[in-house]
Amino acid sequence: MRARDIPPSAWIGIIGITVTAGAAVFAPYVAPYGEREIVGDIWEPMSSTFLLGTDNLGRDLLSRLIYGARTTLAVALAASVLSFSIGITLSFIAAATRGVVDQGLSRLNDLMMSIPTLIFALVLLAVLPQSVWVLILVMAVLDSTRVFRLGRAIALDISVMEFVEAARLRGERTIWIIFREILPNALSPLLAEFGLRFAFSILFLSTLSFLGLGIQPPTADWGGMVKDNKDGIIFAVSAALIPGAAIATLAVCVNLVVDWLLKRTSSLKGGRDDG
Amino acid sequence: MTIFSSDVTKPASTPAPPGFRKRFPLATLIAQRLGLSALLLVAVSILIFVGVEALPGDFASTYLGQAATPEAVANIRADLGLDKPVATRYVEWLSGALHGDFGMSWASHASVSQQIANRLGNSLFLAFAAAIIAVPLAVGLGMVAVLFRNRVPDRLINVVSLAAISLPEFFVGYLLILFFAVELGSVPFPATVYRGMPLFDRLEAIALPTATLVLVVLAHMLRMTRAAIISVMASPYMETAELKGLPSYLAILRHAVPNAIAPIINVVALNLAYLIVGVVVVEVVFVYPGMGQYMVDAVTVRDMPVVQACGLIFASVYILLNMMADIAAIIANPKLRHPR
């Protein structure tokens, strides 16, 4: 694969993700002010001192946006990596062993998926103590149900192929079959799914923070920033829309890359390209 | 795409006698699906009540907050009935819920059912208004996209809907508020509705929340509709229709649409179920007095009876919608009617 084989839409996505990730990593160097530093008046308009204006407490919006990228990206990434590890491991075990384990896991998965994700998360967060780790864990476990369903379908397809049969006849253990035979052949579709889950995690985290149940202040986080500044809307202050737009842009970028990955996978399989 | 149908219809939860099954395959399938949903509802209620109790965090200490001395905790536990075994309380809770009694709120000491009775109607009204606009629009646009596949209208719809999927509900909501309520001043904000409000005022109040929901759900539904029709278009009989010289709109109308009905019904129901969830965020944005706002407030103060009641109702609506989708798909799909 060469750089020019990547379509322009995917390039836009890659650039957007890189810029956000760069801002997140180098936040202390890029941000003009501190994350929690009160530097001006409440809801000052955009100016040369405050490029995006100030927020509801007089903190610089651009600086908070940059530090917020840190929190949002880190938590969303942690949640999607964890949900993937849980989902893939369990689904591959289910597909490789079949029988009772498969039945049990699949029915449990059906049960968990029969409650809408947000509602389930709300019920759980009402009980569990408030911390970032709990938040990541709740997001990961709820999201892993989707990964499980896809992973199981893919692994079932692969586990009936000849080379897996050959490995079984050689006497390889289940762990070997899962990680050395099934996983490498499932990577391509799973990569696209990872992107989708990541975009979903960003939106989900932002939604929870917006509802006041995600990242807690004063830590900057994009969804929480929308919540902080939402009262400004009535006075035509657009401070709440800027972090909202950041969330949307990042999600669009991830989706653009995923779209390209999905198309690539389907053309690799030689299927009819469905646009 | 079909999150529910394929996997869930299979397990034979209610084994019918073989004679009956052979003579009425359709009725058997539907009966199985009904039985499965009932089972699922019971399991979900157990999960929401018992499963939540198994998690770390003691209700009584949560309820008291900072003032949690051991005696006070013991008193409160007795007061709220938390000292009884979980199974007893679950049965009491469920039988109460079945009679429409969800107990007392811990925060306001008012009847949960009364609050819900006021708010459930508001939420359903909002979701219903959004569905009436979004469903025909999504199916229509999905067909347009297929008709002009890989040409300008299709690409436009594709790009715009991809962007729209990525927009969080609250962003769309505040954008609409800023333009229509603040700048133009043409619609009221916040979207307050009250009992006995005239229908026209009520419709005006929910105009922006409805528009937000429609925008959010439209893109999903449209893309899934398009994918459903396209997968039908890839089948051999569509190639035959093309080869025998049928104009493409006739081929779509006569051959693709009847076969795409089942997947489209599925898409619609899935997204209606999604609407139920989208309502939560949209209600908070527009300060609309519905179930979603009630639940979020309750979660913030850890008012468990309210959270469990709302959770159960939202989950039930979701399960029922999915069940209706599956049953509609079973009826619409001749292949499912005669399983081999």
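Structure first, text after, so check above.
What this report covers is the structure whose coordinates are included nearby. (Residues numbered from 1 in each chain as written. Chains lettered and ligands numbered in written order. Predicted model: local features only at pLDDT ≥ 70, side-chain atom pairs only at ≥ 80, totals over all residues. Heavy atoms only, no water.)

Looking at the overall build of chain A
Piece 1. Scanning chain A for helices and strands turns up 10 helices and 0 strands.
Piece 2. Its helices and strands in sequence order give chain A the pattern α-α-α-α-α-α-α-α-α-α, from N to C terminus.
Piece 3. Within the span of chain A, comprising 275 residues, buried residues form 52% of the whole.
Piece 4. Long-range contacts, defined here as pairs at least 24 residues apart, represent 69% of the contacts in chain A between residues at least 6 apart.
Piece 5. Between the mean site of the 22 positive side-chain charges and the mean site of the 22 negative ones, chain A shows a separation of 7 Å. (Helix = DSSP H or I, 4+ residues; strand = E, 2+ residues; numbered from the N terminus. Buried < 20%, exposed > 50% of the residue type's maximum accessible area, 1.4 Å probe, protein only. Contact = heavy atoms within 4.5 Å. Lys, Arg positive; Asp, Glu negative; His and termini not counted. Charge placed at Lys NZ, Arg CZ, Asp CG, Glu CD.)

Focus: helix α13 (residues 248-286) of chain B
For the α-helix, the turn length of 3.6 residues means that residues three or four positions removed from each other point alike.
Residues and elements named next belong to chain B.
Piece 1. The terminal C-alpha atoms of α13 lie 44 Å apart, and with 39 residues this falls more than 12% below the ideal 57 Å at 1.5 Å per residue.
Piece 2. In the structure, α13 departs most strongly from a straight axis at Val257, where the bend amounts to approximately 50° and where the proline Pro258 lies between one and four residues downstream.
Piece 3. The positive-phi residue at the C-terminal boundary of α13 is Val287, with phi of around 50°. (Expected span 1.5 Å × (residues − 1). Bend = angle between axes of the 7 residues up to and from the residue.)

Some remarks on the packing of helix α6 (residues 132-159) of chain A against helix α8 (residues 174-210) of chain A
All names here are of chain A.
Piece 1. Relative orientation of the contacting elements α6 and α8 amounts to 155°, with a least axis distance of 10 Å. One way to sum up the angle between α6 and α8 is to call them roughly antiparallel. For the crossing formed where α6 meets α8, the hand is right-handed. From α6, Leu135, Met139, Asp143, Arg146, Val147, Leu150, Ile154, Ala155, Ile158 and Ser159 reach across to α8, where they touch Ile182, Asn185, Ala186, Pro189, Leu190, Glu193, Arg197, Phe200, Ser201, Phe204, Leu205 and Leu208.
Piece 2. By residue class, the composition of the contact of α6 with α8 is 15 nonpolar, 3 polar and 4 charged. (Axes fitted to C-alpha atoms, helices over the stretch in contact; angles between N-to-C directions. Parallel < 35°, antiparallel > 145°, perpendicular 65-115°, else oblique. Left-handed = near helix turned anticlockwise from the far one by under 90°. Nonpolar A, V, L, I, M, F, W, Y, C, P; charged D, E, K, R; others polar.)

Overview of the packing of aromatic side chains
Piece 1. As enumerated under the stated definition, the model contains 7 aromatic pairs over all chains in all.
Piece 2. With 6.4 Å between their ring centres and 40° between their planes, Tyr90(B) and Trp93(B) make a pair best called tilted. On the criterion of helical spacing, the pair formed by Tyr90(B) and Trp93(B) is a turn pair, its members being 3 residues apart in helix α6 (residues 86-98).
Piece 3. For Tyr90(B), a relative accessible area of 11% gives the class buried.
Piece 4. Judged by its relative accessible area of 9%, Trp93(B) is buried.
Piece 5. Ring pairing ties together the aromatic residues Phe210(A), Phe170(B) and Tyr174(B), which thus form one cluster.
Piece 6. Note that Arg180(A) overlies the ring of Trp176(A), its terminal NZ or CZ placed 4.7 Å from the centroid.
Piece 7. Sitting over the ring of Phe200(A), Arg197(A) keeps its end group 5.1 Å from the ring centre. (Phe/Tyr/Trp six-rings, centres within 6.5 Å; stacked < 30°, edge-to-face > 60°. Lys NZ or Arg CZ within 6 Å of the ring centre and 35° of its normal.)

Description of the environment of Leu125(A)
Piece 1. Relative to the helices and strands, Leu125(A) resides in helix α5 (residues 117-127).
Piece 2. The exposure class of Leu125(A) is buried, given its relative accessible area of 11%.
Piece 3. With 13 residues separating them in the primary sequence, Leu125(A) and Val138(A) have C-alpha atoms 7.9 Å apart.
Piece 4. Residue contacts for Leu125(A): discarding those within four places in its chain leaves Leu135(A), Val138(A), Leu208(A), Leu213(A), Val299(B) and Arg302(B).

Remarks on helix α3 (residues 25-53) of chain B
Piece 1. Between its terminal C-alpha atoms α3(B) stretches 42 Å, which fits the 42 Å expected from 29 residues at 1.5 Å a residue.
Piece 2. Most pronounced at Leu47(B), the bend in α3(B) amounts to some 30°.

Some points on a nonpolar patch on the surface
Residues and elements named next belong to chain A.
Piece 1. Taken together, the side chains of Val25, Phe26, Tyr29 and Val30 make up a nonpolar region of the molecular surface, amounting to roughly 470 Å² of accessible area.
Piece 2. As for its position among the elements, Val25 is in helix α1 (residues 8-25).
Piece 3. Under the relative-accessibility criterion, Val25 is labelled exposed at 54%. (Patch = residues over 30% accessible without salt bridge, like charges linked within 9 Å, V, L, I, M, F, W, Y side chains within 5 Å. Areas by Shrake-Rupley, 256 points an atom, 1.4 Å probe, with all protein chains shown as cover. Salt bridge = Lys/Arg side-chain N within 4 Å of Asp/Glu carboxyl O.)

Quick notes on the environment of Met291(B)
All names here are of chain B.
Piece 1. Within the secondary structure, Met291 sits in helix α14 (residues 291-300).
Piece 2. Taking the C-alpha atoms as reference points, Met291 and Met221, 70 residues apart in sequence, are found 24 Å from one another.
Piece 3. Ignoring anything within four residues of it in the chain, the contact list for Met291 reads Ile116, Arg119, Leu120, Ser123, Glu283, Cys310, Ile313 and Phe314.

Points about the interface of chain B and chain A
Piece 1. With 54 residues of chain B at the interface, the matching set in chain A holds 48 residues.
Piece 2. Buried surface at the junction of chain B and chain A, summed over both partners, amounts to about 4500 Å²; 74% is from carbon and sulfur atoms.
Piece 3. Looking at the side of chain B facing chain A, the largest losses of area belong to Phe170(B), Tyr174(B) and Arg302(B), adding up to 14% of the total buried there.
Piece 4. The tally of links from chain B across to chain A stands at 1 salt bridge.
Piece 5. For the salt bridge of Asp259(A) with Arg223(B), the shortest nitrogen-to-oxygen distance reads 3.9 Å.
Piece 6. At the level of elements, α1 (5-8), α3, α8 (152-165), α9 (169-183), α11 (207-233), α13, α14 and α15 (304-332) of chain B are the ones that each hand at least two residues to the side of chain B that touches chain A.
Piece 7. The element contributing the most residues to the side of chain B that touches chain A is α9(B), with 9 residues.
Piece 8. Looking at the side of chain B that touches chain A, its residues break down into 41 nonpolar, 6 polar and 7 charged. (Buried area = accessible area lost by both parts, 1.4 Å probe.)

Remarks on the pattern of salt bridges
Residue and element names in this part refer to chain A.
Piece 1. This model, assessed by the stated rule, comprises 12 salt bridges over all chains.
Piece 2. Where Arg149 meets Asp110, a salt bridge forms, and the shortest distance between an N and an O atom there is 2.3 Å. Taken together, the residues Arg149 in helix α6 and Asp110 in helix α4 (residues 99-113) connect sequence positions 39 residues apart.
Piece 3. The exposure class assigned to Asp110 is buried, which follows from its relative accessible area of 8%.
Piece 4. We note a salt bridge from Glu193 to Arg197, for which the minimum N-O separation is 3.4 Å. Note that Glu193 and Arg197 are positioned in helix α8 at a spacing of 4 residues, about one turn of the helix. Arg197 matches Glu193 in its accessibility class, with the two residues each being buried.
Piece 5. When salt bridges with common partners are traced through the structure, they connect Arg98, Asp102 and Arg152 into a single cluster.

Structural notes on the nonpolar core
Piece 1. The biggest cluster of nonpolar side chains holds 140 residues, and the ones touching the most others in it are Phe210(A), Leu211(A), Phe102(B), Tyr174(B) and Met295(B).
Piece 2. With 19 residues, α13(B) is the largest single contributor of residues to this core.
Piece 3. When neighbours within four sequence positions are excluded, Met295(B) is seen to be in contact with Ile119(A), Leu122(A), Val123(A), Val307(B), Cys310(B), Gly311(B) and Phe314(B).
Piece 4. Core analysis: the next-biggest nonpolar cluster, separate from the first, contains 16 residues, Phe84(A), Ala95(A), Val147(A) and Ala186(A) among them. (Core = buried A, V, L, I, M, F, W, Y, C linked by side-chain atoms within 4.5 Å.)

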